[in-house]
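# Results of the structural survey
Chain residues, written in single-letter form:
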Amino acid sequence: MIPAAFTYHRPTSVKEALGLLAQLGGECRALAGGHSLIPMMKLRLATPEHLVDLAGVSELKGVAVDGGDIVIGAMTTQHELVASELLSTHIPLLRETSLVIADPQVRYVGTLGGNVANGDPGNDMPSVMICLGASYQVASQSGKRRIAAREFYRGAYLTALEPGEIVTDIRIPMPPSGHGSAYEKLKRKIGDYATAAAAVVLSLSGGRVASCSIGLTNLAETPLWAEEAAKILTGSALDPATVKKAVAAAEAITSPASDARGPAHYRTKMAGVMLTRALARAKERARG
Ligand SMILES: Cc1cc2nc3c(=O)[nH]c(=O)nc-3n(C[C@H](O)[C@H](O)[C@H](O)COP(=O)(O)OP(=O)(O)OC[C@H]3O[C@@H](n4cnc5c(N)ncnc54)[C@H](O)[C@@H]3O)c2cc1C
């Protein structure tokens, strides 16, 4: 399939990119790795008249520590997340999640910014960002604002981004040292989107859960933050009865579509299975 005709722009700074987006208006889209947008264009599900390619904007790349946070430039690729020693040390959940996104070819080009800004419920990073309490720095020609990942997703392909805005970086508070985390994803084959997936970050104190956060992928039109389930687990020793109660609370907030990945009921049950596994692995990895 061949996309509709478009004009290609390649700015070299954020200022230039924002100027182009403001000037070209609603028929214009930012292009990052292109691994979600180009397939949509080929299917004629997206028909932008202008593409503003962010690949030449070096200031949108990189992973850095800023106080107690990790800040990741929007154009950092999924492969760069896998390779980052800083992330492996402080937020291993990001490496683990990146490794189950697509295949190496996609990960070499696909970016974190594109993954979180896309708004596809099947993308893996949004629920992980929700789980981690991340926020997105957003910029347009009229200024900057920061949006919590937990408030960013409004519906399938619908986010809090306004026309002319781009995500410039992703800020993640470092989880406590000694925390345990896990991302469990059920997929039909290598390179597939999730049938159901669960992200967990928890810390233990004296063998009991001191803090816990849970995100769920592809189980509703938006990524889900399973706040009630995490509350049930906090203070517990992750005993089977409490885990079962928390899993039921997490399943209750899902509303997946029945599709080629299975009927809705099956996908909800798989969310519970993924969450049970992620909790067990996060506990195994936590110290305290
Ligand atoms: C075969 C295949 C399998 C895949 N499997 C998975 C998977 O299992 N899990 C998964 O999560 N993803 C998967 N993907 C998608 C892949 O991870 C994409 O790379 C990612 O979703 C989008 O990142 P991108 O950099 O390619 O963005 P693009 O495709 O360039 O852009 C996606 C959307 O985000 C917008 N955008 C991009 N960057 C910004 C920005 N900085 N600010 C504002 N808007 C922006 C674009 O305008 C567009 O609307 C798969 C892709 C392929 C081709």
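Residues numbered from 1 in each chain as written. Predicted model: local features only at pLDDT ≥ 70, side-chain atom pairs only at ≥ 80, totals over all residues. Heavy atoms only, no water.

Here S213 shows up in strand β13 (residues 208–217). Among the residues examined, S213 registers a relative accessible area of 9% and is labelled buried. S213 has contacts with I130, C131, R150, A199, V200, V201, W225 and A230, leaving out every residue within four places of it along the chain. (Helix = DSSP H or I, 4+ residues; strand = E, 2+ residues; numbered from the N terminus. Buried < 20%, exposed > 50% of the residue type's maximum accessible area, 1.4 Å probe, protein only. Contact = heavy atoms within 4.5 Å.)

In this structure, V106 sits in helix α6 (residues 104–109). You can call V106 partly exposed: its relative accessible area is 21%. It is 27 Å that separates the C-alpha atoms of V106 and R281, two residues lying 175 residues apart in sequence. Setting aside anything within four residues of it in sequence, one finds V106 in contact with H35 and Q78.

Among the 30 residues in the neighbourhood of the ligand, the closest are listed as A30, G33, L37, T111 and D124. Between H35 and the ligand, the recorded distance is 2.8 Å, taken from a backbone N or O atom to an oxygen atom. One of the side-chain N or O atoms of K185 is found 2.9 Å from an oxygen atom in the ligand. Within the complex, the protein chains bury 91% of what would otherwise be the 970 Å² of accessible surface of the ligand. (Near = heavy atom within 4 Å. Polar contact = N/O pair within 3.5 Å; in protein donor to acceptor, adjacent residues only side chain to side chain. Areas by Shrake-Rupley, 256 points an atom, 1.4 Å probe, with all protein chains shown as cover.)

When a strand is regular, its side chains alternate between the sheet's two faces. For strand β2 (residues 28–31) and strand β3 (residues 50–53), the ladder comprises four bridges, and the chain directions are parallel. Each bridged residue has a counterpart across the sheet, and for R29 the counterpart in β3 is L51. (Pairing = 2+ DSSP bridges.)

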